[in-house]
Amino acid sequence: MTIYENINRLTGYGLTTSLITKEDVIYTQNRLLELFQLDGFETAEEAGNIPHVEVNELEQILSEMLSYAAENKLFTDDGIVYRDLFDTKIMGMLVPPPSDVIDIFHTLYTEASPEKATDWFYKFSGDTDYIRRYRVCRDLKWKTPTEYGDLDITINLSKPEKDPKAIAAARNAKQGGYPQCLLCKENEGYAGRVNHAARQNHRIIPLTLGGETWGFQYSPYVYYNEHCIVFNYKHTPMKICHETFVRLLDFLTLFPHYTLGSNADLPIVGGSILTHDHFQGGHYTFPMAKAPVEEAVTLSAFRNVKAGIVRWPMSVIRLDAKDKEELIHAADHVLAAWRDWTDKDAFIFAESDGEKHNTITPIARMNGNEFELDLVLRNNITTKEHPLGVYHPHAELHHIKKENIGLIEVMGLAVLPSRLKNELELLAGAILEHKDLKADETLAKHADWVNEFLPKYQDVNKDNINGILQQETGIVFSHVLEHAGVYKRNDQGRSAFRRFIASL
């Protein structure tokens, strides 16, 4: 296809997805001509030839446009980072301004329903290529039955890995302070740079939570259905406090069909961004939500709040109530008690050497007509034996998961590193060929694991080896969550958990 044909195809894509209307066609064509430094179409007939385009054609259209732009020195094609910067600029030509997007969202919210509004905004975020659907679909996903129910396992392949040139360029690039981080509101429409993603195709819906303005958007990597991010309009650090619970339940009041939670506010047990207060959630039922309460408990000061310990590998207190205010006060009470809780026999220390260790990962959802909060107890203490964290996956599990256990994993969805796709494929072949895994530099880290689980299977063959590896990977993830639990699921751990509950 010529560049002129692809300009018309992209314009047609805009019509198909309703990013533009027929009145916008000439305007859109002219903006694209300017972007590609073209004077115009050769004939009026060529300009008027707008084809019908299917949504799944976008990747090919952008690829051909990028090839033309690179050949004509419109950008330096030094890998995926540079291509993503330029194709986001292309898509920005089709995206309506924030005010129009907000108006459509609010109209759908008030005249149809909150769910219709989020349905539209999620589709819009994919149509603009902010969510790159053709990458997201590459992620590997499966469910693993465990004693805690089915856990969700994903190997993330949609987030592109930077090539060495881009890494070096990012390291040498001037460190700008605008936007301050990837979550700041100033990202909306930002052109990006080699060390900061372009966001010309990104739009934000403002919300009022706890009397303050917050932004509602989707994650470009969508690890699950309608994976949203809700962020403070101010660049302010993560902090779990009274206001956290207020904002979570205010969000549920606005969007009762969503789940929303917060990463913890301390290193090791927190998420990857601690510098900007934010939540994550979505229109998805996580494994944790399906886990039952295995032991009811009484919070004497909060008679209208149901409480219990959840049957989960981590240590979770579930609170349910119809009264939002009483639930918030009950959650406050648990948080304050946990912040100061020390139990030497259980190796729980509220602080050491002046460093605070205890915090909570809170998750909010509706359960029928009741608000529900899951409060996951976290502690980030380290030792010489476990320098990355006592309540963090220990070294014997690092061959599968070494990274922090954040909100999404806490809820039962493993986001595993992309390296595992190749490693599990190599492992399958090596097992079938009875190779010495310890002699293989890539696979040696998996050797002890394979030697431990393989005897469970009498017949291992090419038809079942991949299923076996997926099942065992999921079981490792359940152990990862057990390691992250502050109270272990044994008699000693249950007794220690009950000591804390008794203090409430």
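So, how was this worked out
- Residues numbered from 1 in each chain as written.
- Predicted model: local features only at pLDDT ≥ 70, side-chain atom pairs only at ≥ 80, totals over all residues.
- Heavy atoms only, no water.
- Salt bridge = Lys/Arg side-chain N within 4 Å of Asp/Glu carboxyl O.
- Helix = DSSP H or I, 4+ residues; strand = E, 2+ residues; numbered from the N terminus.
- Buried < 20%, exposed > 50% of the residue type's maximum accessible area, 1.4 Å probe, protein only.
- Contact = heavy atoms within 4.5 Å.
- Pairing = 2+ DSSP bridges.
- Axes fitted to C-alpha atoms, helices over the stretch in contact; angles between N-to-C directions.
- Phe/Tyr/Trp six-rings, centres within 6.5 Å; stacked < 30°, edge-to-face > 60°.
- Polar contact = N/O pair within 3.5 Å; in protein donor to acceptor, adjacent residues only side chain to side chain.
- Core = buried A, V, L, I, M, F, W, Y, C linked by side-chain atoms within 4.5 Å.

**Student:** Even after reading the chapter, I still don't get the pattern of salt bridges, so can you show me in this structure?
**Tutor:** Any two side chains of opposite charge can pair if their charged atoms end up close together. Overall, the coordinates contain 34 salt bridges when judged by the stated rule. In this structure, Arg9 engages Glu64 in a salt bridge whose closest nitrogen and oxygen atoms are separated by 3.7 Å. With Arg9 in helix α1 (residues 3-16) and Glu64 in helix α4 (residues 58-71), this pair connects stretches of sequence that are 55 residues apart. For Arg9, a relative accessible area of 7% puts it in the buried group. One salt bridge in this structure joins Glu433 and Lys435, with 3.3 Å as the shortest N-O distance. Here Glu433 and Lys435 have matching classes, each one exposed. Linked through salt bridges whose partners overlap, the residues forming this network are Asp84, Asp87, Asp129, Arg132 and Arg135.

**Student:** Sorry, what's going on with the side chain of Thr473 here?
**Tutor:** Tracing the sequence through the fold places Thr473 in helix α16 (residues 465-484). In contact with Thr473, other than residues within four places in its own chain, are Trp142, Ile400, Leu416, Leu424 and Trp449.

**Student:** Can you walk me through the environment of Val293 in this structure?
**Tutor:** Residue position: Val293 is located in strand β8 (residues 293-297). Val293 sits in the partly exposed class, given a relative accessible area of 38%. The sequence separation of Val293 and Val310 amounts to 17 residues, and the corresponding C-alpha distance is 4.2 Å. In contact with Val293, not counting residues within four places along its chain, are Gly308, Ile309, Val310 and Arg318.

**Student:** Even after reading the chapter, I still don't get the sheet that holds strand β14 (residues 370-379), so can you show me in this structure?
**Tutor:** Strands in a sheet are paired, the pairing made by backbone hydrogen bonds, and the direction either parallel or antiparallel. Taken in spatial order, the 10 strands line up as β3-β4-β5-β7-β6-β13-β14-β10-β9-β8 in an open sheet, and their pairing is antiparallel. Two strands in the sheet have a free side with no partner beyond their single neighbour: β3 (205-209) and β8. With strand direction ignored, the average angle separating the axes of adjacent strands in the sheet is 25°. With 2 bridges connecting them, strand β6 (residues 259-261) and strand β13 (residues 358-367) associate as antiparallel partners. Opposite Gly261, over in β13, you have Ile363 as the bridge partner. Relative to the sheet, helix α6 (residues 98-111) contacts β3 and β4 (212-218), its axis offset from that of β3 by approximately 55°.

**Student:** Looking at this structure, how should I read the sheet that holds strand β15 (residues 413-416)?
**Tutor:** Taken in spatial order, the 3 strands make up an open sheet running β1-β2-β15, and their pairing is mixed. The outermost strands of the open sheet, each flanked by one partner alone, are β1 (140-146) and β15. Recorded for the sheet is a direction-independent mean angle of 25° between the axes of neighbouring strands. The pairing of β1 with strand β2 (residues 149-155) spans 7 bridges and is antiparallel. What sits directly across from Lys141, in β2, is Thr154. α16 contacts β1, β2 and β15 of the sheet and is inclined by roughly 70° relative to β1.

**Student:** In this structure, what is going on with the packing of aromatic side chains? I would like to understand it.
**Tutor:** The relative placement of two aromatic rings is captured by the distance of their centres and the angle of their planes. Under the counting rule described, the total for this entry stands at 34 aromatic pairs. Measuring from ring centre to ring centre gives 6.1 Å for Phe36 and Phe86, while their planes differ by 70°; the resulting arrangement is edge-to-face. Taken together, the residues Phe36 in the loop between α2 (25-35) and α3 (44-47) and Phe86 in helix α5 (residues 80-92) connect sequence positions 50 residues apart. The interplanar angle of 70° and the centroid separation of 5.3 Å between the aromatic rings of Phe216 and Tyr218 together place this pair among those described as edge-to-face. Across this residue pair, the class does not change: Phe216 and Tyr218 are buried.

**Student:** Which parts of the structure should I look at to understand the pairing of β3?
**Tutor:** Here is the key point about a regular strand: its side chains alternate between the two faces of the sheet. Residues Ile205, Leu207 and Leu209 line the buried face of β3, whereas the alternating positions Pro206 and Thr208 sit on a face that is not buried. Inspection of the sheet shows β3 paired to β4 by 5 bridges, in the antiparallel sense. Along β4, the bridge assignment pairs Thr208 with Thr213. Where β3 folds back on β4, the antiparallel hairpin that results is connected by 2 residues, among which Gly210 adopts a positive phi of roughly 60°.

**Student:** Which parts of the structure should I look at to understand the side chain of Thr359?
**Tutor:** If you trace the backbone, Thr359 turns up in strand β13. With relative accessibility at 0%, the residue Thr359 sits in the buried group. Only 3.3 Å separates the side chain of Thr359 from the side chain of Arg339, close enough to count as a polar contact. Once you skip the residues sitting within four places of it in the chain, Thr359 turns out to touch Ile240, Ala264, Asp265, Leu266, Val269, Trp338, Arg339, Val376, Leu377 and Arg378.

**Student:** Quick question: what am I supposed to make of the environment of Leu182 here?
**Tutor:** Structurally, Leu182 can be placed in the loop between α9 (164-172) and β3. A C-alpha to C-alpha distance of 13 Å links Leu182 and Gln200, two positions 18 residues apart in sequence. Excluding residues within four positions of it along the chain, Leu182 makes contact with Asn187, His196 and Ala197.

**Student:** Honestly, the nonpolar core in this entry has me stumped. Any pointers?
**Tutor:** One recurring pattern in soluble globular proteins: nonpolar side chains tend to sit buried together. Ranked by internal contacts, the top residues of the largest apolar core, which has 98 residues, are Leu10, Phe36, Phe216, Leu319 and Tyr487. Once you skip the residues sitting within four places of it in the chain, Leu319 turns out to touch Leu299, Val305, Lys306, Ala307, Leu327, Ala330, Ala331, Phe371, Glu372, Leu373 and Leu375. The next biggest cluster of nonpolar side chains, apart from the first, holds 47 residues, and it includes Val376, Ile400, Phe477 and Val480.

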